[in-house]
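One-letter residues, chain by chain:
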Amino acid sequence: MPRFITDRRPLPHAGDPSAPTIRAIGAGLPRAATSSLQAALERLGYAPCLHMAHIIPHPQVSRLLLSAMRERDPAKRQKMVARLCEGYAAVTDFPVVFFVEDLMDLYPEAKIVLNGRPSAEVWAASARESFGFFFGRGFRVTGLLWQTDRLWAALNGECERWVRERLGVRTALSPEAYGAYYEYVRREARRRGREVLEFRAEDGWAPLCRFLGKEVPVDTEFPRLNERREVQVIKRILVARGLLAWAALGGGVWGAWRFGPGLLRWLRGWLTSGHLSM
């Protein structure tokens, strides 16, 4: 099964004194080579690296993320963010977006990598193609009977709210959201005197390793994971799964309507005919 639907990696144990702490923050938006960056960071020793693919399959983690997104008190929210990141050496993708300021404050020594795309328009087209369905009514309907899908849809709804309130942009999957978000990250980093590496997957190992103070791997090329194909597979699976769930529910309701009254009459007669007498 693909990522986002199942996760074979065990969740870190809370309170493990030997567990790593966040040392790298991949601050770019989803569909900006976040999976490739995750793989690269883990190859360089920042493992495990938290990615949205390791949140969605776990309802308890999705609920924690959703609560953190809705929390307005900075101190309470940062406690939630710290719990979310506990046991990870790096973080990328969706979880970062809403907590850039919190992550910078919680992990003042962490390196900030702002992974991006060639242009806002390129990113928006890719994001709409990949994630448009998951932000729409169709996903909310087809996934209503699955807990993980309901939580995912709720997270996307909070994403739209956050983009409107924090960035002043009407919709998340737009060139305007891309530009406003990246300026927001740069601004918050400057306020804290933090260095940021502007990075694209096409840049390869050299600038990333130089920024992180790591040796360039000589045994492997820079990861280039194709999230686009993976997301299309995920979409087909979730739609099929959702429709099957609705079909099963509809079949159960029809069966109860069609055969329920007769079954109740038979059961009532069976009970009153002395079958239960000792």
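Going by the structure above, here's the rest.
Note that this is a predicted model, so its numbers are computed, not measured.

Novice: Summarise the overall build of the protein; cite the residues concerned and give the values.
Specialist: Helices and strands together make up the secondary structure of the protein, namely eleven helices and five strands. Counting over 278 residues, the protein shows a buried share of 48%. Considering only contacts within the protein whose residues lie at least 6 apart along the sequence, 76% involve residues at least 24 apart. Carbon and sulfur atoms make up 57% of the accessible area of the protein, which totals about 14500 Å².

Novice: An account of empty space enclosed by the protein is needed here, citing residue identities and associated values.
Specialist: Summed over all chains, the structure comprises one cavity of 30 Å³ or more. Lining the largest cavity are 23 residues; nearest its centre among them are P30, F94, F135, C159 and L173. Counting residues per element, the ones that place at least two in the lining of the largest cavity are α4 (94-97), α6 (120-131), α8 (147-167) and α9 (175-191). Its residues assigned to classes, the lining of the largest cavity comprises 21 nonpolar, one polar and one charged.

Novice: Any details on the packing of aromatic side chains? Residues and values, ideally.
Specialist: Taken as a whole, this structure holds 15 aromatic pairs when the rule is applied. Centroid distance F133 to F134: 5.3 Å. Interplanar angle 75 degrees. Geometry classified as edge-to-face. A residue is classified by how much of its surface remains accessible, and F133, at 19% relative accessible area, is buried. On the basis of relative accessible area, F134 is assigned to the buried category, the value being 2%. Plain terms: the ring middles of W205 and F222 are 5.0 Å apart, the flat faces sit at 70 degrees to each other, and that makes the pair edge-to-face. With a gap of 17 residues between them, W205 in helix α10 (residues 205-212) and F222 in the loop between α10 and α11 (227-272) connect regions that are remote in the sequence. Across the pair, F222 and W205 agree in class, each one buried. Feature note: the residues F94, F98, F99, W123, W162, Y178, Y181, Y182 and Y184 constitute an aromatic cluster, connected by ring pairs. It is K111 that lies over the ring of F211; its NZ or CZ is 5.3 Å from the centre.

Novice: Give a description of the environment of V81 that names residues and reports values.
Specialist: Along the chain, the position of V81 falls in helix α3 (residues 74-85). Owing to a relative accessible area of 1%, V81 belongs among the buried residues under this scheme. Each C-alpha atom of the pair V81 and F98 lies 10.0 Å from the other, and the pair is 17 residues apart in sequence.

Novice: Outline a nonpolar patch on the surface, listing residues and values.
Specialist: A grouping of L144, L145 and W146 is seen on the molecular surface, where their side chains present a nonpolar patch of about 240 Å² in accessible area. When its relative accessible area of 35% is taken as the criterion, L145 is described as partly exposed.

Novice: Kindly report on the pairing of strand β5 (residues 196-199), identifying the contributing residues and their values.
Specialist: Only one face of β5 is buried: it carries L197 and F199, and the other face, with V196 and E198, is open. Pairing between strand β4 (residues 111-115) and β5: four bridges, direction parallel. Bridge pairing links N115 to F199 in β5.

Novice: Describe the side chain of H54, and please don't skip the residues or the numbers.
Specialist: Here H54 shows up in the loop between β2 (49-50) and α2 (59-70). On the basis of relative accessible area, H54 is assigned to the buried category, the value being 6%. Only 3.0 Å separates the side chain of H54 from the side chain of Q38, close enough to count as a polar contact. When neighbours within four sequence positions are excluded, H54 is seen to be in contact with R3, D7, R9, L11, Q38 and C49.

Novice: Describe the pattern of salt bridges, naming the residues involved and giving the relevant values.
Specialist: What the rule picks out here adds up to 14 salt bridges. Across the salt bridge formed by E158 and R161, the nearest N and O atoms sit 2.7 Å from each other. Note that E158 and R161 are positioned in helix α8 at a spacing of three residues, about one turn of the helix. Here E158 and R161 have matching classes, each one buried. A salt bridge links E188 to R191, with the shortest nitrogen-to-oxygen separation between them at 2.7 Å. With E188 and R191 both in helix α9, this residue pair falls three residues apart, about one helical turn.

So, how was this worked out
- Residues numbered from 1 in each chain as written.
- Predicted model: local features only at pLDDT ≥ 70, side-chain atom pairs only at ≥ 80, totals over all residues.
- Heavy atoms only, no water.
- Helix = DSSP H or I, 4+ residues; strand = E, 2+ residues; numbered from the N terminus.
- Buried < 20%, exposed > 50% of the residue type's maximum accessible area, 1.4 Å probe, protein only.
- Contact = heavy atoms within 4.5 Å.
- Areas by Shrake-Rupley, 256 points an atom, 1.4 Å probe, with all protein chains shown as cover.
- 1 Å grid on protein atoms, 1.4 Å probe; cavity = no way out; pocket = protein on both sides within 12 Å on 5 of 7 lines; lining within 4 Å.
- Points joined across faces, edges and corners; volume = space filled by probe spheres on them.
- Nonpolar A, V, L, I, M, F, W, Y, C, P; charged D, E, K, R; others polar.
- Phe/Tyr/Trp six-rings, centres within 6.5 Å; stacked < 30°, edge-to-face > 60°.
- Lys NZ or Arg CZ within 6 Å of the ring centre and 35° of its normal.
- Patch = residues over 30% accessible without salt bridge, like charges linked within 9 Å, V, L, I, M, F, W, Y side chains within 5 Å.
- Salt bridge = Lys/Arg side-chain N within 4 Å of Asp/Glu carboxyl O.
- Pairing = 2+ DSSP bridges.
- Polar contact = N/O pair within 3.5 Å; in protein donor to acceptor, adjacent residues only side chain to side chain.

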